[in-house]
Amino acid sequence: MSLRIAITPGEPAGIGPDLVIKLAQHDWPAQLVAVVDKDIMLQRARELDTKIELIPFDPSAPAEAAPPGSIYYLQVDRGCDVIAGELDERNGQYVLDTLRIASEKNMDGTFDAVVTGPVHKGIINRAGISFSGHTEYFAQQSNTPDVVMMLATEGLRVALVTTHIPLAYVSKAITHERLTKVAHILYQDLQTKFGIEQPNVLVCGLNPHAGEGGHLGNEEIDTIEPVLAELNAQGMHFVGPLPADTLFQAKYLENTDAVLAMYHDQGLPVLKYKGFGNSVNITLGLPFIRTSVDHGTALDLAASGNAEVGSFELAIREAIKLATEKTQSS
Ligand SMILES: NC(=O)c1ccc[n+]([C@@H]2O[C@H](COP(=O)([O-])OP(=O)(O)OC[C@H]3O[C@@H](n4cnc5c(N)ncnc54)[C@H](O)[C@@H]3O)[C@@H](O)[C@H]2O)c1
Ligand SMILES: N[C@H](C(=O)O)[C@H](O)COP(=O)(O)O
């Protein structure tokens with residue numbers, strides 16, 4: 001029996017459907033099940049001039065990988081046409097429905113993992129649904145108070161203390177409690193999911209030059225240093241707070257398992273500069289395995305045939321790897 005992996009292509013006007021159609025041409029060592037409206041996929045396949053067979057998913061049948069050129073699907077009705085490259089508020093509820101069904105069916109054990117394609121946060125909000133990202137949505141759906149966003153590429157993992165919040169709120173969000181919880185989740189998942197016995201984590205400061213001894217900000221002295229001292233006293237290995245502008249260099253990173261950044265655009269631009277298109281987004285701390293692409297909806301490329309599959313492919317391979325290890329260790 002194969003593993004069963006749910007795939008949500010994300011925003012239907014973006015490149016998500018294109019990438020799933022391209023990836024369905026591969027031979028996969030798992031049963032991939034797209035949680036989609038079949039008609040959206042068939043329409044996009046016609047636009048891409050690519051053949052695809054969509055096989056209805058039957059949870060009671062043995063899990064088997066689909067042959068190249070085909071993919072299983074779990075129907076979610078969209079109800080009206082999608083125009084590639086054109087955002088439409090009416091897609092908002094459909095996108096959320098695919099995510100809700102995928103998370104419910106991960107929590108009830110139907111699937112072994114979920115891999116998500118890119119969604120457009122703005123259009124979901126314009127549809128009247130408050131949504132800041134998959135990370136927060138899956139945390140809420142699974143009643144998990146604290147999860148951690150981590151992106152990984154060859155030679156670098158970056159985890160975030162805060163995720164999709166306005167920059168103006170970041171300082172207040174970096175509390176003793178939040179930083180402690182994030183550090184514990186990161187450390188534990190590096191050990192259990194990535195097999196690193198004694199993880200080494202570099203921690204960024206929040207302010208320029210990590211606050212310059214309090215002359216350029218106090219969050220390092222008031223919050224970050226005391227938390228790191230507590231974590232290290234418990235036997236963990238967190239180094240910092242270090243100036244974020246200089247810690248991303250080979251001599252610091254070569255013995256480091258992850259960098260913990262204080263906010264989204266402190267850590268992710270560096271990771272994406274190093275590995276855009278070859279990175280995977282992994283949500284740590286959830287009760288199920290969730291990986292995702294490192295890029296957005298790329299509306300400019302929808303139905304063009306020019307969208308790169310690298311990150312989506314990596315996200316599926318990482319989900320299969322994590323699910324295999326979880327199955328073997330349970
Ligand atoms: N995993 C996710 O759901 C996710 C991740 C990042 C951004 N987003 C969302 O995507 C939307 C658009 O964001 P953006 O414009 O900042 O980023 P984007 O990644 O959609 O596009 C940035 C640039 O990268 C190119 N690009 C992106 N993916 C590509 C691919 N697979 N192959 C080739 N080129 C690719 C685009 O053409 C564009 O030039 C936003 O609403 C954002 O929130 C979602
Ligand atoms: N912060 C992510 C990135 O920059 O790639 C992206 O917005 C997706 O986040 P979610 O997985 O929470 O939707």
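Rules used throughout
- Here the residue numbers are simple positions, counted from 1 along each chain's written sequence.
- The naming scheme follows written order: chains are lettered A onward, ligands numbered 1 onward.
- Reporting in this predicted model follows two pLDDT cut-offs: at least 70 for local features of residues, and 80 or more for side-chain atom pairs to be given and counted; totals over whole chains, interfaces and linings ignore these cut-offs and use all residues.
- Side-chain metrics rest on all non-hydrogen atoms present in the structure, leaving aside hydrogens and water.
- UniProt positions are given in the numbering used here, feature names are shortened, and annotations may be inferred rather than shown by experiment.
- A helix here means a DSSP run of H or I that spans at least four residues, while a strand means a run of E at least two residues long, and both kinds are numbered starting from the N terminus.
- Only C-alpha atoms enter the radius of gyration, while the globule expectation follows 2.2 Å times N to the 0.38, with N the number of residues.
- Partly exposed describes any residue whose relative accessible area lies between the buried limit of under 20% and the exposed limit of over 50%, with all areas from a 1.4 Å probe on protein chains only and scaled to the type maximum.
- Any two residues whose heavy atoms approach within 4.5 Å at even a single point are treated as in contact.
- The nearness test applies per residue and asks whether one of its heavy atoms lies within 4 Å of the molecule or strand.
- Pairs of N or O atoms are called polar contacts if they sit within 3.5 Å, as long as, within protein, a hydrogen donor faces a hydrogen acceptor (for residues adjacent in sequence, only side-chain-to-side-chain pairs).
- Methods summary: accessible areas were calculated by the Shrake-Rupley approach with a probe of 1.4 Å, and residue burial reflects only the protein chains presented.
- Any Lys or Arg side-chain nitrogen located within 4 Å of an Asp or Glu carboxyl oxygen qualifies as a salt bridge.
- Definitions used for this entry: grid spacing 1 Å over protein atoms alone; cavity, a set of points where a 1.4 Å probe fits but cannot get out; pocket, an open set with protein on both sides within 12 Å along at least 5 of 7 lines; lining residue, one with an atom within 4 Å of a point.
- Only four residue types enter the charge count: Lys and Arg as positive, Asp and Glu as negative, with His and the chain ends excluded.
- Grid points are joined across faces, edges and corners, and a volume is the space filled by probe spheres set on the points.
- For this scheme, ten residues count as nonpolar: Ala, Val, Leu, Ile, Met, Phe, Trp, Tyr, Cys and Pro. Four count as charged, namely Asp, Glu, Lys and Arg, and the remainder, Gly too, count as polar.
- In this document the domain limits rely on a domain assignment from an automatic tool or a database.

Looking at an unreviewed UniProt entry, one finds the protein chain named 4-hydroxythreonine-4-phosphate dehydrogenase, with Pseudoalteromonas rubra as its source organism. In UniProt, the protein chain has this text filed under Subcellular location (unreviewed entry): "Cytoplasm". The heading Catalytic activity (unreviewed entry) in the UniProt record of the protein chain holds the text "4-(phosphooxy)-L-threonine + NAD(+) = 3-amino-2-oxopropyl phosphate + CO2 + NADH".

1. A look at the overall build of the protein chain
Helices and strands together make up the secondary structure of the protein chain, namely 12 helices and 12 strands. Taken over the C-alpha trace, the protein chain has a radius of gyration of 20 Å; the compact-globule value for 330 residues is 20 Å, and the two agree within 12%. Along the first, second and third principal axes, the C-alpha atoms of the protein chain reach 60 × 40 × 35 Å. Per-residue burial for the protein chain yields a buried fraction of 53% across its 330 residues. In the protein chain, 75% of the contacts between residues at least 6 apart in sequence involve partners at least 24 apart.

2. So, the site of ligand 1
In the vicinity of ligand 1 lie 18 residues, with Lys121, Gly296, Ala298, Asp300 and Glu308 positioned nearest. Side-chain polar atom of histidine 295 to a nitrogen atom of ligand 1: 3.5 Å apart, as the coordinates give it. Notes on ligand 1: free accessible area 820 Å², of which the protein chains cover 64%.

3. Some points on the pattern of salt bridges
In this structure the tally under the stated criterion is 12 salt bridges. The shortest N-O distance in the salt bridge between glutamate 318 and lysine 321 comes to 3.9 Å. With a gap of 3 residues between them, glutamate 318 and lysine 321 both fall in helix α12 (residues 310–329), about one helical turn apart. Using a relative accessible area of 42% as the deciding quantity, one classes lysine 321 as partly exposed. A cluster of three or more residues bridged by salt bridges with shared partners is formed by Asp146, Glu177, Arg178 and Lys181.

4. Some points on the UniProt feature "binding site: a divalent metal cation" (unreviewed entry) in the protein chain
According to UniProt, the positions carrying the feature "binding site: a divalent metal cation" (unreviewed entry) are His164, His209 and His264. These annotated residues cover 101 residues of sequence, and their C-alpha atoms sit far apart, with the largest distance between any two at 23.5 Å. Restricting the annotated residues just mentioned to those that line the largest pocket leaves His164 and His264. If you trace the backbone, histidine 164 turns up in the loop between β7 (156–160) and α6 (170–173). Looking at histidine 164, the relative accessible area reads 23%, which means it is partly exposed.

5. Thoughts on the side chain of aspartate 257
Assignment of secondary structure puts aspartate 257 in the loop between α10 (250–253) and β10 (258–261). Salt bridges are absent for the buried aspartate 257, whose nearest opposite-charge side chain, arginine 157, sits at 4.5 Å. A distance of 2.7 Å separates the side chain of aspartate 257 from the backbone nitrogen of asparagine 200, its partner in a polar contact. Leaving out residues up to four positions away in the same chain, aspartate 257 has contacts with Arg157, Leu190, Ile196, Gln198, Pro199 and Asn200.

6. Points about the layout of surface pockets
In this structure, the largest pocket spans a volume of roughly 320 Å³. Lining of the largest pocket is provided by 21 residues; of these, Lys121, His164, Asn281, Val293 and His295 occupy positions nearest its centre. For the lining of the largest pocket, the secondary-structure elements that each account for two or more residues are α5 (134–141), β6 (148–153), α11 (264–275) and β12 (290–292). If you tally residues by element for the lining of the largest pocket, the top one is α11, at 3 residues. Looking at the lining of the largest pocket, its residues break down into 6 nonpolar, 11 polar and 4 charged. Split by domain, the lining of the largest pocket shows at least three residues from each of two domains, domain 1 (1–144 + 286–329) and domain 2 (147–277).

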